[in-house]
Amino acid sequence: MSCMSCCFRPKRRSKQRTQNQEQHNNDIIIKTNSAEKQHTQAWRNQKPLIFGGRHGHGSAKIDEHRIIIVGGMDEDDNMLSSCFICDVRTQQLTPLQHDLPIALAECCVVANNEFAYVIGGRDGRAIRNYRICLNMMFRLCLKTFKWTNMLARMGNARYAFAAALKDN
């Protein structure tokens, strides 16, 4: 028997849970002992999206229980301008009354207490089968849910990137 068969054999995962995990109704519960998080965290199975599947969308947490989901592409790779709010506590999906001004995918979304910002991405236009990358930015007022096209542009067009807000 060569060394390759014993030393490089993948280790089998144990089916036992660690002492910090337990199973309950198909949810995996992770117990933390850190000073900052003295509560139980869990991954929960959520209902499928009622507005159909999408990929390449942007999303951001807008408060303790809600996430905004912006644009993306459907199963046939059609670009989407639709947006909705997902309340993870109630598992309710609420479509926004106003769509994005243009259909976008692979954009970045960040939010604070007042606004959600949609930055960059790719739109539905294509040159030689490559979707055009954008340097645009849109702002959504989280009180009125109306979009504003921000006149300030990024120096470079970007897509599929991450961003963070500093000093809400």
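Residues numbered from 1 in each chain as written. Predicted model: local features only at pLDDT ≥ 70, side-chain atom pairs only at ≥ 80, totals over all residues. Heavy atoms only, no water.

### Let's talk about the pairing of strand 12 (residues 137-141)
The side chains of a regular strand alternate, first on one face of the sheet and then on the other. Burial runs high along strand 12: four of the five residues are buried. The sheet contact formed by strand 9 (residues 115-119) and strand 12 spans five bridges and is antiparallel. Bridge assignment links Val 118 to a residue of strand 12, and that residue is Phe 138. Inspection of the sheet shows strand 12 paired to strand 13 (residues 147-150) by four bridges, in the antiparallel sense. Its bridge partner lying in strand 13, Arg 139 is registered against Thr 148. Hairpin connection between strand 12 and strand 13: a loop of five residues separates the two successive antiparallel strands, and Phe 145 in this loop has a positive phi of roughly 55 degrees. (Buried < 20%, exposed > 50% of the residue type's maximum accessible area, 1.4 Å probe, protein only. Helix = DSSP H or I, 4+ residues; strand = E, 2+ residues; numbered from the N terminus. Pairing = 2+ DSSP bridges.)

### Some thoughts on the side chain of Asn 112
Among the secondary structure elements, Asn 112 is positioned in the loop between strand 8 (108-111) and strand 9. A distance of 2.9 Å separates the side chain of Asn 112 from the backbone nitrogen of Glu 114, its partner in a polar contact. For Asn 112, the side chain forms a polar contact with the main-chain nitrogen of Phe 115, separated by 2.8 Å. (Polar contact = N/O pair within 3.5 Å; in protein donor to acceptor, adjacent residues only side chain to side chain.)

### Quick word on the sheet that holds strand 6 (residues 83-87)
Overall, antiparallel pairing links the four strands, which are arranged 4-5-6-7 in an open sheet. At either margin of the open sheet sits one strand with a lone partner, and together these are strand 4 (58-61) and strand 7 (92-95). The average undirected angle you get between the axes of adjacent strands in this sheet is 20 degrees. (Axes fitted to C-alpha atoms, helices over the stretch in contact; angles between N-to-C directions.)

### Focus on the nonpolar core
Ile 68, Val 70, Leu 100, Val 118 and Trp 147 are the most contacted members of the largest nonpolar core, which has 20 residues in total. Val 70 has contacts with Arg 54, His 57, Gly 58, Ser 82, Cys 83, Leu 100, Cys 107, Val 109 and Val 118, leaving out every residue within four places of it along the chain. Cys 108, Val 110, Met 137 and Met 150 belong to the second largest nonpolar core, which has nine residues in total. (Core = buried A, V, L, I, M, F, W, Y, C linked by side-chain atoms within 4.5 Å. Contact = heavy atoms within 4.5 Å.)

### A word on the pattern of salt bridges
Applying the stated criterion across every chain yields a total of three salt bridges. Between Arg 66 and Asp 63 there is a salt bridge, and its shortest N-O distance comes to 2.7 Å. Classification of Arg 66 by relative accessible area gives partly exposed; the value is 27%. With a shortest N-O distance of 3.6 Å, Asp 87 and Arg 89 are connected by a salt bridge. (Salt bridge = Lys/Arg side-chain N within 4 Å of Asp/Glu carboxyl O.)

### Re the sheet that holds strand 8
If you walk across this open sheet you meet the four strands as 8-9-12-13, and the pairing is antiparallel. Strand pairing shows two members of the sheet lacking a second neighbour, strand 8 and strand 13, which therefore form its edges. The sheet shows a mean angle of 20 degrees between the axes of neighbouring strands, direction not considered.

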